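# Understanding the architecture of this molecule
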Amino acid sequence: MLKVMVMLLFSIPLCFFQGWWLIQNLLFLMSFLLVALCVLSDSFGYLSYGFGWDLISYGLILLSFWICGLMLTASESIYRYSVNDSLFLSMIMFLLLMLYCTFSSLNLISFYIFFEGSLIPTLLLILGWGYQPERLQAGVYLLFYTLLASLPLLVGLFYLHYMQGVLSLTLNAEGGFNVYLYMSLIMAFLVKMPMFLVHLWLPKAHVEAPVSGSMILAGVLLKLGGYGLLRLFKWLVMVGTKLNTLWISVSLIGGVLVSLVCLRQVDLKALIAYSSVAHMGIVLAGLMTLTYWGFCSSYSLMIAHGLCSSGLFCLANISYERLGSRSLFVNKGLMSFMPSMTLWWFLLCSSNMAAPPSLNLLGEIGLLNCIVSWTWLTMVSLMFLSFFSAAYSLYLYSYSQHGQYYSGLYSCSMGFVREYFLLFMHWFPLNLLIVKSDVFMMWL
């Protein structure tokens, strides 16, 4: 019955959109067909010789379909002003294909090809539909950081194939104690997450990207790093037990520092982008503990962050379309200007600080448990991380919704049904999925 109700919800935009917006409904339909086809078990379900899925890849495939459909809903202005709308649609479909193939690859070489292939449509989205001339610099940052770290990954995969003769994800394997192999295999994923110290490309890319680019970056592309680490750590367990302390330390201390940076941001999108770095820091720390709780909690927080962060970028874009600025000095007192959006700001900001009943709460509680059980010294960093997470979420909400009304605005603005639908489709699954949390914690 629930599936029928949700399918009816997805048919609502048909009344409001024309032309290629029907593709959005086809994407949603495909995602629910995937639900019907999937058998949730510990083993891989094979789609073909080189492709298949298990529970981890299945959840991220579903998230990719979901976010790509919502990207089309959020980018209505591209259709309205006819800004190469057909090319824009083809970019999103190409990106969705790359993501689907990445998450369902059973061979590490094909995984690498599709992993890097997803960079191309993302770069074209930023360069083609970005807002400022600085988008060229943001594209260079994106290429420089990700490609520089991905070449050692390719060499590491070749070496792994030379040593073992097979690169299948379905076979149990052990890479032995090889520090060079360890560094080459994980650096590309640390940059993609991104880890603190290699995170500067992310705020640049977010600020210059169109709303669709920000949504897919925050919603799915940052999860590629965590997914790659989940898949490759069976080759890196022996070295990881010795060296993972370094990454956990950098992630937790970096998360605190980035949270402090969030508290002094005046750009809406930059604030949300830096908060993504802080959240991915705790995800990375949980992965590096190499514990079952760490893997499960990181997976659930990745799904939750994908929905929550994407929804916040949608809200920032809704304000930007009305006010023509992302500055918090202009975007203040919005409760008077857009009273109907204040509830959505509150719901998504509260989810961002892991308030119940959001899926973020489940992921963060599990990560706090596994990181503290790894060593109690991490309690100090985790305490500051949790506190500042609430602080910058409240700062974002209160500064934007309350305060002096911007004098350049002389009217009240309401949202469109499309925008309410878009925000509901971010918030509803984020708070509904905790009811079926045993799947996300992989307690099967």
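One can find the structure itself at the top, above this paragraph.
What counts and how
- Residues numbered from 1 in each chain as written.
- Predicted model: local features only at pLDDT ≥ 70, side-chain atom pairs only at ≥ 80, totals over all residues.
- Heavy atoms only, no water.
- Helix = DSSP H or I, 4+ residues; strand = E, 2+ residues; numbered from the N terminus.
- Salt bridge = Lys/Arg side-chain N within 4 Å of Asp/Glu carboxyl O.
- Buried < 20%, exposed > 50% of the residue type's maximum accessible area, 1.4 Å probe, protein only.

### Let's talk about unusual backbone geometry
Here Met-193 and Pro-194 are connected by a cis peptide whose omega angle stands at -10°. Following the sequence through the fold, Pro-194 ends up in the loop between α9 (179–192) and α10 (201–208). Residue Pro-356 is joined to Pro-357 through a cis peptide bond whose omega torsion reads 5°. In this structure, Pro-357 sits in the loop between α16 (342–352) and α17 (359–374). A positive phi angle, near 60°, is found at Leu-290, a position not held by glycine. Looking at the element boundaries, Leu-290 is found in the loop between α13 (268–288) and α14 (292–323). At Ala-354, a position not held by glycine, the phi torsion is positive, near 65°.

### Topic: the pattern of salt bridges
Proximity of charged atoms lets side chains of opposite charge pair with each other. Counted by the stated rule, this structure contains seven salt bridges. Across the pair Arg-326 and Asp-267 runs a salt bridge whose closest N-O atoms are separated by 3.3 Å. Here Arg-326 is found in the loop between α14 and α15 (334–337), whereas its partner Asp-267 is found in the loop between α12 (237–262) and α13, with 59 residues between them in sequence. The pair formed by Arg-326 and Asp-267 is uniform in burial state, with each residue classed as buried. Note that Asp-438 and Lys-436 form a salt bridge whose closest N and O atoms lie 3.8 Å from each other. Judged by its relative accessible area of 28%, Asp-438 falls in the partly exposed class. Looking at Lys-436, the relative accessible area reads 48%, which means it is partly exposed. Residues joined by salt bridges that share partners form a network here, namely Glu-76, Arg-80, Arg-322, Arg-418 and Glu-419.

In short, geometric facts, not functional conclusions.
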